[in-house]
Structures are given as C-alpha cells and as structure tokens.
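For reference, the chains in residue letters:
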Amino acid sequence: MAGQTTDGFEVKRLPEIVEELVARHRADFGTGLNLDPSEPIVQLDGVYAEREASLWELAERVHNGRKLLASEGADLDDVVALVGVVRLPAVA
C-alpha cells in the first residue's frame with residue numbers, strides 16, 4: 001500500500017505503477033489484450049507511469065520536508081527556523 005501508512009510514507013514506485021496499469025487493462029479488456037511493448041497502449045502506459053512516479057516522489061519530498069531528520073536544503077532551513085536555529089554556511 002502506498003501513501004501515508006502506520007509505518008510512515010510509502011512511495012509507489014514505477015514498476016508497481018506499470019503493474020497496476022497492466023492489471024487494469026486486463027480487467028477492462030480481458031486477458032487476450034496484446035501487451036507487447038510495441039503496442040501503443042503499452043507505450044502510453046510508460047508515459048503515464050513515469051509521470052505518476054514523479055508525482056509520488058514529489059509527495060514524498062513534501063512529506064519529508066516537514067521532518068528535521070528527513071528534510072534537505074531549503075526545507076531543512078525552514079524546519080530549523082521554527083526553533084530559531086540557522087544552518088552554518090558551507091565552507092571549502
């Protein structure tokens with residue numbers, strides 16, 4: 001299961017998304033559907049799956065952005081500013 005769980009935030013990865021799309025096609029159109037990689041429906045699934053995977057990764061970044069030990073960059077600056085702390089600038 002993806003999304004917020006009792007164990008934290010679980011991201012749905014690209015292989016899972018593709019697998020769900022294939023299962024949905026088989027449920028909608030039957031098991032005789034040609035799912036060869038050269039088929040347009042399979043190629044479109046790849047495009048849609050990549051976009052959905054990017055959204056899941058964005059959701060994870062937003063979720064982690066509010067946590068001190070998981071945030072990075074500007075998100076970390078925002079989190080530590082809540083308690084009056086400023087990160088030291090980078091040094092060579």
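Scroll up to find the structure this text is about.
Cut-offs and rules
Residues numbered from 1 in each chain as written. Predicted model: local features only at pLDDT ≥ 70, side-chain atom pairs only at ≥ 80, totals over all residues. Heavy atoms only, no water. Phe/Tyr/Trp six-rings, centres within 6.5 Å; stacked < 30°, edge-to-face > 60°. Helix = DSSP H or I, 4+ residues; strand = E, 2+ residues; numbered from the N terminus. Axes fitted to C-alpha atoms, helices over the stretch in contact; angles between N-to-C directions. Parallel < 35°, antiparallel > 145°, perpendicular 65-115°, else oblique. Left-handed = near helix turned anticlockwise from the far one by under 90°. Contact = heavy atoms within 4.5 Å. Nonpolar A, V, L, I, M, F, W, Y, C, P; charged D, E, K, R; others polar. Salt bridge = Lys/Arg side-chain N within 4 Å of Asp/Glu carboxyl O. Buried < 20%, exposed > 50% of the residue type's maximum accessible area, 1.4 Å probe, protein only. Core = buried A, V, L, I, M, F, W, Y, C linked by side-chain atoms within 4.5 Å. Patch = residues over 30% accessible without salt bridge, like charges linked within 9 Å, V, L, I, M, F, W, Y side chains within 5 Å. Areas by Shrake-Rupley, 256 points an atom, 1.4 Å probe, with all protein chains shown as cover.

**A short note on the packing of aromatic side chains**
Scanning all chains against the criterion turns up one aromatic pair. Arranged with centres 6.2 Å apart and planes meeting at 45°, the rings of Phe-9 and Trp-56 form a pair that is tilted. With Phe-9 in strand β2 (residues 8-10) and Trp-56 in helix α2 (residues 40-64), the pair connects residues that are 47 residues apart, well separated along the chain.

**Describing the packing of helix α1 (residues 14-29) against α2**
The geometry of α1 relative to α2 is characterised by a closest axis approach of 9 Å and an angle of 135° between their N-to-C directions. Judged by the inter-axis angle, α1 sits oblique to α2. Between α1 and α2 the crossing geometry is right-handed. Contact with α1, carried on its side by Leu-14, Ile-17, Val-18, Leu-21, His-25 and Phe-29, involves Ile-41, Asp-45, Ala-49, Glu-50, Glu-52, Ala-53 and Trp-56 of α2 and no other residues of that element. Its residues assigned to classes, the contact of α1 with α2 shows nine nonpolar, one polar and three charged.

**Let's talk about the pattern of salt bridges**
One pass over the full model with this rule turns up three salt bridges. With its nearest N and O atoms 3.1 Å apart, the salt bridge here joins Glu-20 to Lys-12. For Glu-20, a relative accessible area of 42% translates into the label partly exposed. Linking Asp-28 and Arg-24 is a salt bridge whose minimum nitrogen-to-oxygen distance equals 3.3 Å. Placement of the pair is Asp-28 and Arg-24 together in helix α1, with a separation of four residues, close to one helical turn. By relative accessible area, Asp-28 is classed as partly exposed at 47%.

**As for the nonpolar core**
Val-11, Ile-17, Ala-49, Ala-53 and Trp-56 together form the largest nonpolar core, which totals five residues. Of all the elements, α2 adds the most residues to this core, at three residues. Apart from residues lying up to four places away in sequence, Trp-56 is in contact with Ala-2, Gly-3, Phe-9, Glu-10, Val-11, Lys-12 and Ile-17.

**Things to note about a nonpolar patch on the surface**
A cluster of nonpolar side chains, Leu-44, Val-47 and Tyr-48, forms an exposed patch at the surface whose accessible area comes to about 300 Å². Structurally, Leu-44 can be placed in helix α2.

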